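Architecture at a glance
These are the residues of each chain, in order.
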Amino acid sequence: MDFSTMVLTMYLAAEDGPDVDERVLDIAVEQSLLAAELGYNPWFTEHHFRGPWHSNPMQFAAYIAPQISKERYLGFGVLSTPYYHPVRLVESMNLLDQLTHGRTLFGLGSGFAGTEPAGLGLEKEYHGSGQAARDTVDIMQNLWKFRTGDPEYNFEIPTNRGSIRRRVVPAAYRKRHPIIIRTATREEAVISAAKNGWPAFLGTFGSNLAEQMPLYRKVLAESNHSPEIVAECLRWNTTDWLSVVVADTDERALKDAEIARADHMATRERFVAQSGEVEGPGQRKEGQSAAAAYTAGGDMMRTIAGSPDTVAAHVQNLIDLGLNHLLVRFIGEWTGETRQISETSMRLFAKEIMPRFKDIPPPTL
């Protein structure tokens with residue numbers, strides 16, 4: 001089984017100002033290197049106007065790559081595809097894929113709403129409907145297929161256009177394209193990912209993993225992909241635990257989770273007071289906007305907190321459902337007073353939980 005962890009997991013800087021950017025960047029580097037040393041694949045997110053390093057995660061990953069074991073993968077959860085020209089995004093992904101010899105996992109999605117799409121020039125409805133991401137990914141697929149000598153390929157969408165006469169260089173390290181993991185909260189997205197031969201984020205943001213996994217496997221089996229594509233999909237299908245605390249006992253873990261959550265919510269409240277509501281991941285209550293849900297701590301409603309035995313039982317449940325890759329987010333502010341809770345959780349998970357699942361192979365159809 002494969003395990004990854006999100007670096008600086010909670011998206012908002014505990015401190016905000018140009019005078020602290022260097023310190024926060026140094027901490028992000030430190031956390032990335034420790035994660036890789038402990039056996040996790042470090043993952044990075046993309047956000048703009050909140051935190052000094054999220055705005056260019058591929059450049060950050062390229063800095064980290066030569067400093068970690070060649071056995072580790074790097075991951076993105078997620079690259080906000082509408083914010084890029086499709087040619088530039090394919091070029092950048094392919095280059096990093098080449099430099100890491102195919103050991104990069106590219107989560108792709110729309111990105112959050114609010115100040116981000118507005119600041120990057122996207123019309124609210126076009127972005128918010130998901131159409132901007134779908135349009136961009138469709139063009140990217142055509143660019144990966146294009147070869148010099150093919151008929152000229154022209155594209156135009158509300159945000160970008162281009163006329164392609166020669167292949168995009170470099171090519172991906174792999175024959176088709178880098179490893180893509182597509183967000184799939186709705187049924188049509190699950191079906192699309194399976195038909196395209198992409199691993200998917202399943203069971204996240206309120207979606208039901210127990211319902212999504214059988215559907216994904218059924219469509220994948222019916223899509224006549226090569227054995228290599230099927231194996232890649234089954235290995236890298238991903239679920240995202242947004243809020244995790246591990247301690248020696250269940251009681252200690254629950255207490256630490258309460259402390260870490262309170263610390264982060266205080267950070268979030270300060271940020272919202274300065275900048276207004278900000279969208280993020282998590283469960284929504286009926287009629288609640290994504291921004292209101294995140295502001296209220298919707299990403300920490302399903303905290304998994306417990307001893308190694310307790311948390312390992314949750315991991316086993318994922319394996320029983322046919323999942324092989326877990327992206328873990330340990331709560332606790334690395335830039336603040338609850339770093340120790342997050343770091344202790346990371347170390348205990350690596351030492352006491354990951355070895356139990358090390359030799360379990362990915363599922364098959």
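Attention in this report is confined to the structure presented alongside it. (Residues numbered from 1 in each chain as written. Predicted model: local features only at pLDDT ≥ 70, side-chain atom pairs only at ≥ 80, totals over all residues. Heavy atoms only, no water.)

This part takes up the overall build of the chain. Within the chain one finds 13 helices and 11 strands. Relative to a compact globule of 365 residues, whose C-alpha radius of gyration would be 21 Å, the chain shows 20 Å and is just as compact. Oriented by its inertia axes, the alpha-carbon framework of the chain measures out at about 65 × 45 × 45 Å. For the chain, buried positions account for 55% of its 365 residues. Contacts spanning at least 24 positions in sequence make up 74% of the contacts within the chain whose residues lie at least 6 apart. A distance of 6 Å separates the average location of the 37 positive side-chain charges in the chain from that of its 46 negative side-chain charges. (Helix = DSSP H or I, 4+ residues; strand = E, 2+ residues; numbered from the N terminus. Rg over C-alpha atoms; globule rule 2.2 N^0.38 Å. Buried < 20%, exposed > 50% of the residue type's maximum accessible area, 1.4 Å probe, protein only. Contact = heavy atoms within 4.5 Å. Lys, Arg positive; Asp, Glu negative; His and termini not counted. Charge placed at Lys NZ, Arg CZ, Asp CG, Glu CD.)

Next up on the list: the nonpolar core. Judged by nonpolar contacts, the single largest core of 83 residues is most densely connected at Val315 and Phe349. Setting aside its immediate chain neighbours within four residues, Val315 contacts Met1, Phe3, Trp241, Leu326, Phe349, Ile353 and Phe357. (Core = buried A, V, L, I, M, F, W, Y, C linked by side-chain atoms within 4.5 Å.)

Counted according to the given criterion, the structure contains 13 salt bridges. Salt-bridge contacts for Asp240 lead to Arg329; the nearest nitrogen and oxygen are separated by 2.3 Å. Taken as a pair, Asp240 in strand β9 (residues 238-246) and Arg329 in strand β11 (residues 325-330) lie far apart in primary sequence, 89 residues in all. When sorted by exposure, Asp240 lands in the same class as Arg329, which is buried. Here Arg339 and Glu343 are joined by a salt bridge, their closest N and O atoms 3.1 Å apart. Highlighted residues: Arg339 and Glu343, both in helix α13 (residues 339-353), separated by 4 residues, approximately one helical turn. With respect to class, Arg339 is no different from Glu343; both count as buried. In this structure, a network of salt bridges that share partners links the residues Glu30, Arg339, Glu343 and Arg347. (Salt bridge = Lys/Arg side-chain N within 4 Å of Asp/Glu carboxyl O.)

So, on to helix α3 (residues 86-99). Between its first and last C-alpha, α3 extends 20 Å over 14 residues, near the 20 Å set by a 1.5 Å rise per residue. Buried within α3 are the following residues: Pro86, Val87, Leu89, Val90, Met93, Asn94, Leu96 and Asp97. Check the buried side of α3 and you find it contacts α2 (57-64), β3 (74-80), β4 (104-109), α6 (131-145), β5 (153-156) and β6 (161-164). Two residues or fewer past α3, His101 is found with a positive phi of approximately 55°. (Expected span 1.5 Å × (residues − 1).)

Moving on, we come to the pairing of β11. Judged by how many residues are buried, β11 sits mostly within the fold: 6 of 6 residues are covered. Of the two faces of β11, the one holding His325, Leu327 and Arg329 and the one holding Leu326, Val328 and Phe330 are both buried throughout. As defined by bridge partners, strand β1 (residues 2-6) adjoins β11 across 4 bridges and the pair is classed as parallel. Within β11, the position partnered with Asp2 by the bridge is His325. Here 5 bridges tie β9 to β11, and the two strands are oriented parallel to one another. Bridging from a neighbouring strand, Thr239 pairs with Leu326 of β11. (Pairing = 2+ DSSP bridges.)

Let's shift gears to unusual backbone geometry. In this model, Gly77 is joined to Val78 through a cis peptide bond whose omega is -5°. Looking at the secondary structure, you find Val78 in strand β3. Despite not being glycine, His101 shows a phi value in the positive range, around 55°. With respect to the secondary-structure elements, His101 resides in the loop between α3 and β4. One non-glycine residue, Asn224, lies in the positive phi region at around 55°.

Shape is all these values report; function is a separate question.
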